[in-house]
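Residue-level structural notes
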Amino acid sequence: MSLNNQVLDKPISAELPYVEANLSYLIPMAEKPVNYTYEPPLGIPRTNATYQTHKLPIYNARSISDNISLDREGFAFTGHNTNVRNFYDEDEVGRVYYPEAEQLLKEVTGATKVVIFDHTLRNAGQSKPGENNIKEPALRVHNDFTAKSGYTRAHLELAARGIDDIDTLLKQRFAIINVWRAIAQPIQESPLAVCDAQSIAPTDIVAGDLVYRDRVGEIYGVTYNSKHKWFYFPQMHRDEALFIKCFDSAEDGHTRFAAHTAFEDPTSPANAPPRESIELRTFVFYPA
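Calculation rules
- Residues numbered from 1 in each chain as written.
- Predicted model: local features only at pLDDT ≥ 70, side-chain atom pairs only at ≥ 80, totals over all residues.
- Heavy atoms only, no water.
- Helix = DSSP H or I, 4+ residues; strand = E, 2+ residues; numbered from the N terminus.
- Rg over C-alpha atoms; globule rule 2.2 N^0.38 Å.
- Contact = heavy atoms within 4.5 Å.
- Areas by Shrake-Rupley, 256 points an atom, 1.4 Å probe, with all protein chains shown as cover.
- Buried < 20%, exposed > 50% of the residue type's maximum accessible area, 1.4 Å probe, protein only.
- Expected span 1.5 Å × (residues − 1).
- Arc of directions from axis to C-beta.

**Thoughts on the overall build of the protein**
Check the secondary structure of the protein and you find 3 helices and 15 strands. A compact globule built from 288 residues should have a C-alpha radius of gyration of about 19 Å, and the protein, at 18 Å, falls within 12% of that. Each principal axis of the C-alpha distribution contributes one length, and for the protein these read about 55 × 50 × 40 Å. A separation threshold of at least 6 residues defines the contact pool for the protein, and within that pool the share at least 24 residues apart is 80%. Looking at the protein as shown, the accessible area adds up to about 13600 Å², and 49% of this sits on carbon and sulfur atoms.

Below is the structure:
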């Protein structure tokens, strides 16, 4: 079932159906962008970055999903049944969903080892910052890791799990791949858009600090480029999975980073329920 190294036999085409929506891009700036994940001390802004929206076509990629790969476009899509009954049950997610996703990733990527290191639930109707771990959809174009923080986070998470000889392990090719899924009704509100990594220039991605209470991470913001090509999979339901490559240690031509964002779909019904989704973040280790 490998989605990773398929030969493109049908080009991604502008003939696909699409919606037009506003995407929020980082405005270029002289200093390094900084974003706090919590309310910062008095007098410090939550972020020093500014953003601007650009109205862009976002193409329906369902008809070409078999011709999209993680190593080329930076994302992939497949049907996948889950036995999870309640994704809001942390124990069940760890006990049932993590092993399901680990096996799925091995099949999709050909990986020999998968380590799932965290997950995020999103539901604007239930999000209570400071009270629970449920977040709202992220409405800015970004990528979760940088060329630097991919390694930093890998060292941190693997050490926390007592894994031996981390330096040797990280000398082989590994990637950070998000597994994204609807967890309730088919998604109508705030769907996820992914950008074809081939359309992103190296100068479009900007490393910024992501400040937590106990550490500082680094993510990529993305500046606007008219060549960006955006795609989505409308009406995603709980038996489908979207994969997003957020980092790849390989520097030999494989796609390394893929931008993504939630967006306000102009075709969503006015009474659409809030989007409910889960994303896993995972380390995928390829054969040495």
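After that view of the structure, there is still more to cover.
**Description of the environment of A154**
Within the element layout of this structure, A154 appears in helix 2 (residues 149-160). In this structure A154 comes out as buried when scored by relative accessible area, which is 0%. For the pair A154 and R46, spaced 108 residues apart in sequence, the C-alpha separation works out to 26 Å. Residues contacting A154, with those up to four places away along its chain left out, are L170, F174 and F283.

**Quick word on helix 2**
With 12 residues, helix 2 should cover 16 Å at 1.5 Å per step; its first-to-last C-alpha distance of 16 Å lies within 8% of that length. When helix 2 is considered as a whole, its buried residues turn out to be S149, G150, R153, A154, E157 and L158. Each buried residue of helix 2 lies within a common arc of 150° when the element is viewed along its axis, so the set occupies one face. Taken together, the buried residues of helix 2 touch strand 5 (113-122), helix 3 (166-169), strand 8 (174-182), strand 11 (216-222), strand 13 (240-248) and strand 15 (277-285). G162, located one to two residues past helix 2, shows a positive phi value of around 70°.

**Overview of the environment of Q235**
Among the secondary structure elements, Q235 is positioned in the loop between strand 12 (230-232) and strand 13. Not counting residues up to four positions away in its chain, the partners in contact with Q235 are R62, P186, I187, Q188 and E240.

**Remarks on unusual backbone geometry**
If you check the backbone angles, D165 has positive phi at about 55° while not being a glycine. Among the secondary structure elements, D165 is positioned in the loop between helix 2 and helix 3. Given a relative accessible area of 52%, D165 falls into the exposed group.

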